[in-house]
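# Descriptive structure summary
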Amino acid sequence: MKFSEETSYPHPVLAPWSTDISGASFSTTITFREESESKQVSVHCATVLDQVEILELIRSGSATFGCFIKCLDTGFRRLQTFGFPEGTHHFAPGALLGRVSIRPVIWAADCITNYHPKGVHAEFGSSTDIAVGQILALDEEQTIEVTRPPIAPIESIFEIVSSDEVTKSSFEVDTGADRITVRMDKDTYKLVQALRQTNDVSRTVVMNSLYVPVVMEVLDQVIKGGGFEQFEQYRWLYPFRDRCQLLDVDIEKLNLLSDAQRLLEQPFESLHQLVDDEVA
Amino acid sequence: MTEIEFLFNQANKVEGLAFAGFETFRGSPYKSCARETGQNSRDASIGKGPVKVSFNLLKLERADIPFADRLQHAIECCLQSPHDEKTRQHLERAHEQITSPVIKVLEISDTNTTGLTGPTDDPGSVFAALVKGDGVTNKSDPTSAGSYGIGKNAAYAVSDLQTVIYSTRYIDKASGHAKFAAQGRLRLISHVDGGQKFSAEGYWGNAGFNAIEDEEEVPTWVTRADVGASIFSVGFREHDDWIERMALSLATNFFLAIDRKEIEFSVGDGQFKLNRSSLDGILHSAELEAIASDIDQVSDLERARRLLECIRSEVTGRHDICIPGLGNFTLHLLVGEGLPREVHILRNGIYITDNFVKFGQPMKSFPGTREFIAVLEPAQGPSGEAPSRLLKRLENPAHDEFEPERIVDPRELQTARSKIKALITEVRRIIRSVAKIDDMDHSQLEELSHLFAQGGADENYQGDDGERDPERFRYGDARRNGRSEPSGVSGEGRGSRGRGPETPIRPRTRTGSAGRNNERTAGTRHAIPLEAVRSIVSDPINGRERVIFFTPGADDDIELSIAAAGLSGDVALKIVHSDIGTVVNGRLRTSVRTRQRASIKVTFDEPFVGPIELAAVEVKK
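A short tour of the structure in this document, coming up.

All right, on to the overall build of chain A then. For chain A, the helix and strand inventory stands at 6 helices and 13 strands. Referenced to the eigenvectors of the C-alpha coordinate spread, the extents of chain A come out at roughly 90 × 40 × 35 Å. Relative to its full complement of 280 residues, chain A shows a buried share of 51%. Considering only residue pairs separated by 6 or more positions, chain A has 63% of its internal contacts joining residues 24 or more positions apart. Distance from the positive charge centre (24 side chains) to the negative charge centre (42 side chains) of chain A: 4 Å.

Rendered as structure tokens:
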């Protein structure tokens, strides 16, 4: 399907570059969200249309809003309907990659007789009949770039490990590796994994019940070992020390509980907020 | 001569207002009326385009109600019969309505349906089942959404007079011709009139409780032009927000049928038009949100939005579930953060419920799974018919629960239980498999990465909308592409539409093709920019004549070529005649003056009524 700004339709078309219909406008703001892992893209369209006849045609179901979407990388070409005046479409993972062009369009979903929109140019005469599928309005083509700009990988310095050697329902913190390793028995590990993936409340609960004591334990080991230097051979040290310096956590004057909470951005507040939201 | 007749009450039966069929819907009359009547129309589809249903309020002069005096008299007789306070209040409200100079009538009318097929005196006909049947379904389709024939009573729940008129135009099977039929039914209380004992139940129609089949005998507001059915709720209880309440009910129950273009609604003389194009706007409208909040149905509205997203999303997995000995279901399963872990059951595109609680399956707990939302429905097509029939048999009259005990035969009941349990087991298996929580023996705690990243805590981790999960999602705005340059600038020699009149139109030299028929032109030729190009098909039947308008950007002799704008490229159109200039090789040669609007009538060698593109080049002197 070809939508060109140089095309002349045998009926009035509302478009930013056209004088077919005066005193009215059609404009679409397009945003997108890209899920990095699966390369799944969701496109959101928010439309502003102030031409009364076309608005009424959409409201009555005789016209439809959508976008013609083209992606060279994947060969995707489709006239996709969108909710009006706002709507989101979630495309299949991998359907859109690289440069994607999006042309907002309003077209006739039914035959429209005696079409004579307000503000129509006199050269179109009295009225015209519009067949199904004919274009009624166009906006400028827009482009999104689905390919992510390179984001420096942010590798976690913490990991949890299931271990048969840890007492049931407890955990141990091991700072003697490149990552701070939290070991726990299999059932506790499963519980923590489930809580991490369940919802915001459970994720916040884990933050408070596991990560706060883990950070306290790390800080405690730093104090007891005489400072950060003892861990210089481990990669986790540098981001951890940077974080302490950024937040003015003085290793000489540590308050384990409050400093651990500061380093984790006061996770209890998030729990409060979530509980408040639930109650509301 | 039409008249109201009440049944005799030889048994001296005491009948009050609280008829069970009406009471079912009394608690939410507008919501129920919209859903039940919409469902009846949906089930009577002729399958050619969406069923269209409109809900409009008529305000009729009392004189236009042919039975007003008789009904007033009957209500007055009822008021003289023994009754309680609640009944008195109701009857007084009814009396007030029928003595009013203006009578309110809610008209519910459908098209693209079969109508209420007759013969009207055949007890097995749809018309008879709807007008005179109690506890019998009027659906010819066993997979239809209605179950018990109780839904028709919802129209009475919005009538202060408890009076409903049915009117239809249907195709008579025997003759193949369209036939008209109308009849009214009302239910007051048992009463005595002139010493004769009458039942609560009465009918408006021809003598002997017969339907009216001559349109001349009914007022014009009862007649119908097209095949379909109309239901008139006489003495409509007009609440301030009845339109919004009905629109909300239709949007939250029929969203899938609407999205699939199976049905469209218009409520309140088009104040709400629910169709595929308008559905999103309505589901997110402030008006509906406000009314949903007022009547505590925000959760219904939010659920409809979520389920529609689930159905439409291309991320949603579609899983066919085959239940041996029954048929196929489809599970639409969308896994994603923030979703509520719910399975919702729809049938015929209409929302039913989110549980099988009467089968011991509340479907509220899905341990060990990530967040998801799912829609379960009988498969579309023949393989889903038996599952749809089974669900229909299990539905309660309110269409919001599945109840196994509704199947009376013990063996059938046992079979139904086992099939539903097999279905639920399979649904759970699919959800566990697709939405399972990753089961590894070690895992990085990515949720702490942003706090302890190399280079500081707060770099690069806040999304555009403040959401803290940069690794997972990226948000962005689309970039507007540059507008195409007008022809004189691009050198393509094509028309450009609508630059401002003050903008200078610059010519540009181009080499090569002057048209779109791939003929090469030797030498260098100037493309002539054309502004505000328009065209109209002057004779759409013939299709060969077109008037073109443009404003040239130069004084020159030009050669004008016209191309049909095709799906992927352009195809040259051959001009055979023009009212000015001369035609050479299918192109038009004429003189133009800069900024002077040109209007030329051309004739093509073959019909073409689609979009075109124009190109002009100078003619070498």
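Time to look at the overall build of chain B. The helix and strand tally for chain B stands at 12 helices and 29 strands. A buried classification covers 55% of the 621 residues belonging to chain B. Summed over all atoms, the accessible surface of chain B reaches about 26,700 Å², with 48% contributed by carbon and sulfur.

Our focus in this paragraph is the packing of helix α2 (residues 29-43) of chain B against helix α6 (residues 242-259) of chain B. A pair of packed helices is captured by two measures, namely the crossing angle of their axes and the spacing between those axes. Residues and elements named next belong to chain B. Closest axis-to-axis distance for the α2/α6 pair is 8 Å, and the angle between their directions is 45°. When the axis of α2 is compared with that of α6, the two are oblique. The hand of the α2/α6 crossing is right-handed. For the pair formed by α2 and α6, the contact residues are Tyr30, Lys31, Cys33, Ala34, Arg35, Gly38, Gln39 and Arg42 on the first element and Trp242, Arg245, Met246, Ser249, Leu250, Asn253, Phe254 and Ala257 on the second. Tallied by class, residues from the contact of α2 with α6 come to 8 nonpolar, 4 polar and 4 charged.

All names here are of chain A. A complete count under the given rule lists 0 disulfides over all chains for this structure. No disulfide involves Cys67; its sulfur sits 3.6 Å from that of Cys45, the nearest cysteine. Assessed through its relative accessible area of 0%, Cys67 is described here as buried.

Once that is clear, we can look at the sheet that holds strand β12 (residues 327-335) of chain B. All names here are of chain B. The 5 strands lie next to each other as β11-β12-β15-β13-β14, forming an open sheet whose pairing is mixed. Where the open sheet ends on each side, the last strands, each with one partner, are β11 (317-323) and β14 (350-353). On average, adjacent strands in this sheet sit at an angle of 30° to one another, irrespective of strand direction.

All right, on to the packing of helix α3 (residues 68-80) of chain B against helix α4 (residues 85-99) of chain B then. Residues and elements named next belong to chain B. Orientation of α3 relative to α4, taken along the N-to-C sense of each, is 160°, at an axis distance of 10 Å. Accordingly, the angle class assigned to the pair α3 and α4 is roughly antiparallel. Crossing of α3 over α4 shows left-handed handedness. Counted together, Ala68, Leu71, Gln72, Ile75, Glu76, Cys78 and Leu79 of α3 and Arg88, Leu91, Glu92, Ala94, His95, Ile98 and Thr99 of α4 form the full contact between these two elements. Partitioning the contact of α3 with α4 into residue classes produces 8 nonpolar, 3 polar and 3 charged.

Two modes of strand pairing occur in sheets, parallel and antiparallel, and in both the strands are linked by backbone hydrogen bonds. The antiparallel open sheet is built from 4 strands, whose spatial order is β5(A)-β2(A)-β1(A)-β17(B). On the outer flanks of this sheet lie β5 (86-90) of chain A together with β17 (473-477) of chain B, each paired with one strand and no other. Across the sheet, the axes of successive neighbouring strands diverge by a mean angle of 15°, strand direction being ignored. The sheet contact formed by strand β2 (residues 40-49) of chain A and β5(A) spans 5 bridges and is antiparallel. Paired with Cys45(A) across the strands is Gly87(A), a residue of β5(A).

A few words now on the interface of chain B and chain A. Tallying the contact residues gives 80 residues for chain B and 90 residues for chain A. Across the chain B/chain A interface, buried area totals approximately 7,700 Å², and carbon plus sulfur atoms make up 46% of it. Our count for the contact surface shared by chain B and chain A stands at 10 salt bridges. As a salt-bridge pair, Asp139(A) and Arg480(B) come within 3.1 Å of each other at their nearest N and O atoms. On the surface where chain B and chain A come into contact, there are 31 residue pairs in polar contact (both at pLDDT 80 or more).

It is worth spelling out the pattern of salt bridges at this point. All names here are of chain B. One pass over the full model with this rule turns up 53 salt bridges over all chains. Of the charged contacts in the structure, one is a salt bridge between Lys358 and Glu401, with a shortest N-O distance of 3.3 Å. Here Glu401 lies in the loop between α10 (385-394) and α11 (410-434) and Lys358 lies in the loop between β14 and β15 (372-378), a separation of 43 residues in the sequence. A relative accessible area of 41% means that Lys358 is categorised as partly exposed. For Arg429, the salt bridge goes to Glu426, with nearest N and O atoms at 2.8 Å. Separated by 3 residues within a single helix, Arg429 and Glu426 lie in helix α11, roughly one turn from each other. Here Glu426 falls in the partly exposed class, since its relative accessible area comes to 23%. Connected through salt bridges with shared partners, the residues Lys13, Glu15, Arg185, Arg187 and Glu201 form a single ionic network.

By the element assignment, Thr28(A) lies in strand β1 (residues 26-35). A relative accessible area of 0% places Thr28(A) in the buried class. Ignoring anything within four residues of it in the chain, the contact list for Thr28(A) reads Cys45(A), Ala46(A), Thr47(A), Phe65(A), Pro104(A), Asp139(A), Gln142(A) and Arg480(B).

By the secondary structure assignment, Thr143(A) is in strand β10 (residues 142-145). Residue Thr143(A) is classed as buried on the basis of its relative accessible area of 5%. In this view, Thr143(A) contacts Arg99(A), Val100(A), Ser101(A), Ala478(B), Arg479(B) and Asn481(B); residues no more than four positions away in its chain are not counted.

Considering all chains together, one arrives at 16 aromatic pairs over all chains under this definition. Between Phe236(B) and Trp242(B) the ring centres are 5.1 Å apart and the planes differ by 80°, which places this aromatic pair in the edge-to-face class. Residue Trp242(B) is classed as buried on the basis of its relative accessible area, which comes to 3%. When the centroid spacing of 5.1 Å and the interplanar angle of 90° are considered together, the rings of Phe366(B) and Phe372(B) count as edge-to-face. No difference in accessibility class separates Phe366(B) from Phe372(B), as the two residues are buried. Ring pairing ties together the aromatic residues Phe26(A), Phe65(A) and Phe84(A), which thus form one cluster. Over the ring of Tyr203(B) we find Lys132(B), and its NZ or CZ is 6.0 Å from the ring centre.

Conventions adopted
Residues numbered from 1 in each chain as written. Chains lettered and ligands numbered in written order. Predicted model: local features only at pLDDT ≥ 70, side-chain atom pairs only at ≥ 80, totals over all residues. Heavy atoms only, no water. Helix = DSSP H or I, 4+ residues; strand = E, 2+ residues; numbered from the N terminus. Buried < 20%, exposed > 50% of the residue type's maximum accessible area, 1.4 Å probe, protein only. Contact = heavy atoms within 4.5 Å. Lys, Arg positive; Asp, Glu negative; His and termini not counted. Charge placed at Lys NZ, Arg CZ, Asp CG, Glu CD. Areas by Shrake-Rupley, 256 points an atom, 1.4 Å probe, with all protein chains shown as cover. Axes fitted to C-alpha atoms, helices over the stretch in contact; angles between N-to-C directions. Parallel < 35°, antiparallel > 145°, perpendicular 65-115°, else oblique. Left-handed = near helix turned anticlockwise from the far one by under 90°. Nonpolar A, V, L, I, M, F, W, Y, C, P; charged D, E, K, R; others polar. Disulfide = S-S within 2.5 Å. Pairing = 2+ DSSP bridges. Buried area = accessible area lost by both parts, 1.4 Å probe. Salt bridge = Lys/Arg side-chain N within 4 Å of Asp/Glu carboxyl O. Polar contact = N/O pair within 3.5 Å; in protein donor to acceptor, adjacent residues only side chain to side chain. Phe/Tyr/Trp six-rings, centres within 6.5 Å; stacked < 30°, edge-to-face > 60°. Lys NZ or Arg CZ within 6 Å of the ring centre and 35° of its normal.

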